[in-house]
Structures are given as C-alpha cells and as structure tokens.
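# Structural description and commentary
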Amino acid sequence: MTQRRRGAALEKALLDAAWEELVDNGYARFTMDAVGKRAGTSPPVLYRRWSDRDQLIRATIVHILAKSRPAVPDKGSLREDVLTLMREIGTAHVQLVTVMYAHLASYYRETGRSPSSLFDPVATGRKAALDTLFDRAVDRGEIKPELLTERIKTLPFVLLRHEILSTFAPVPDHVIEEIVDTIFLPLVR
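Residues numbered from 1 in each chain as written. Predicted model: local features only at pLDDT ≥ 70, side-chain atom pairs only at ≥ 80, totals over all residues. Heavy atoms only, no water.

## A short note on the confidence of the model for the chain
Regions with low pLDDT carry predicted coordinates that are not meant to be interpreted in detail. A residue-level look at the chain finds 93% of positions with pLDDT of 70 or above and a mean pLDDT of 89. Per-element confidence in the chain is highest for helix H10 (residues 173–188), whose mean pLDDT is 97, and lowest for helix H7 (residues 115–118), whose mean pLDDT is 67. (pLDDT = per-residue confidence, 0-100. Helix = DSSP H or I, 4+ residues; strand = E, 2+ residues; numbered from the N terminus.)

Here's what the structure looks like:
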C-alpha cells in the first residue's frame, strides 16, 4: 500500500506532475484534470491549492526555476563567477529555457501577462543568488556599486537567454566570454 502524500511532499509531487504535463503536452492541453491524473490524485486536491490553471502554471514555473537554479559560484572574481554561472545555464539549462518559452507562448497570448510576470526573481531565488554574487564583487573592490542597476545585473543572462532561444542549442564558450568581457564587465567597472 502506498503512503498518502501530504504537505510539502504532496505539493512537490503536484508541481512536478504539472511540469511534466506542460513539457509533454504544452500549455494548450494543460488542464487541472490532466495534472491530477498524472499526479495520481483528483482535481479537487489541486483546486484546494490553486484556484485555476493560471495559478497552477505560475506556481509550477516558480517551483521548477527554484528547483533548477544553479549554485552561486565563488571563484574569486566576478568574471569567473559570471562565466561559470553562464556556462552552466548555457549548457545544462538549454532545454529548460527552450521548453518554457516554446510552451508558454500560448499562456502569454491567452492571459496577456508578460514573461517577466512568470519568472519572478524573488520567488525563484534568482535575485538573492545574483545579489550574493555581486555583493562579493563589490566587497573585493572589483566593481562600482553605483553602476550596478538591476538591469545591468541581469544583462548577461538576458543576452544568454537570447542566444539559447535563437539557436536552441548550447551556447559556445566564446559567445559567453564575449558577452561577459565586451558587454557586461565594461558597464560595471
């Protein structure tokens, strides 16, 4: 007899099932019934947590981004930290980025919400991770904190995402180095 899941274990199982459903069948065929079936539970279990498909999609994206967030490197320099992080994202997370953007295009059209509304950097832990990386660089005296706006902090990763979505392939190291060395670092030094 299988043990009944509860609390955090149940929520993780539901969100993992929702992600698998999204990846396998896309947003257009993403339903609460399909997620419940995949998770081995009933739709009311889902509706007690998320009132509709939109809330479940949003929770699923936050869950998968938090779950797949790379560790914050500490290589001793901002350049090496950013390169290390971008290399991991640019190779290991290509499928994740591609699937999210491809399958969620319908979500954006249907709800009118921008992609940034799904990828909340606070909820996914990305903001705290980047802040740690940049705070260390400020403490080492590598960068000027007054030049470090939120847009500049995210710029190398936005350019990396653009590369991934333009090619649907791992990003070559020379491209990552070009983004960091010729675009990003001159803006913060």
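## Here's the deal with helix H9 (residues 150–167)
Each α-helix winds once per 3.6 residues, and so residues spaced three or four apart point in a common direction. Taking 1.5 Å of rise per residue, 18 residues should cover 26 Å, and H9 covers 26 Å from first to last C-alpha, within 8% of that figure. At Pro156, H9 shows its strongest bend, of approximately 35°. Of all the residues in H9, the buried ones are Ile152, Lys153, Pro156, Phe157, Leu160 and Ile164. Once H9 finishes, Phe168 follows within two positions and takes phi at roughly 55°, a positive value. (Expected span 1.5 Å × (residues − 1). Bend = angle between axes of the 7 residues up to and from the residue. Buried < 20%, exposed > 50% of the residue type's maximum accessible area, 1.4 Å probe, protein only.)

## What to know about the packing of aromatic side chains
Applying the stated rule across the entire model yields three aromatic pairs. Centre to centre, the rings of Tyr27 and Tyr107 are 5.5 Å apart; their planes meet at 85°, and the pair counts as edge-to-face. One end of the pair, Tyr27, is in the loop between helix H1 (7–25) and helix H2 (32–39); the other, Tyr107, is in helix H6 (residues 94–111), and 80 residues separate them in sequence. Residue class for Tyr107 comes out buried when judged on its relative accessible area of 0%. Between Phe134 and Phe184, the ring centres sit 5.9 Å apart and the planes meet at 55°, which makes this aromatic pair tilted. On the criterion of sequence distance, the pair formed by Phe134 in helix H8 (residues 126–139) and Phe184 in helix H10 is long-range, its members being 50 residues apart. Relative accessible area serves as the criterion here: at 0%, Phe134 is assigned to the buried category. These aromatic residues form a ring-pair network of at least three members: Tyr27, Tyr107 and Tyr108. Geometry around Tyr27 places Arg53 over its ring, the cationic atom sitting 3.9 Å from the centre. (Phe/Tyr/Trp six-rings, centres within 6.5 Å; stacked < 30°, edge-to-face > 60°. Lys NZ or Arg CZ within 6 Å of the ring centre and 35° of its normal.)

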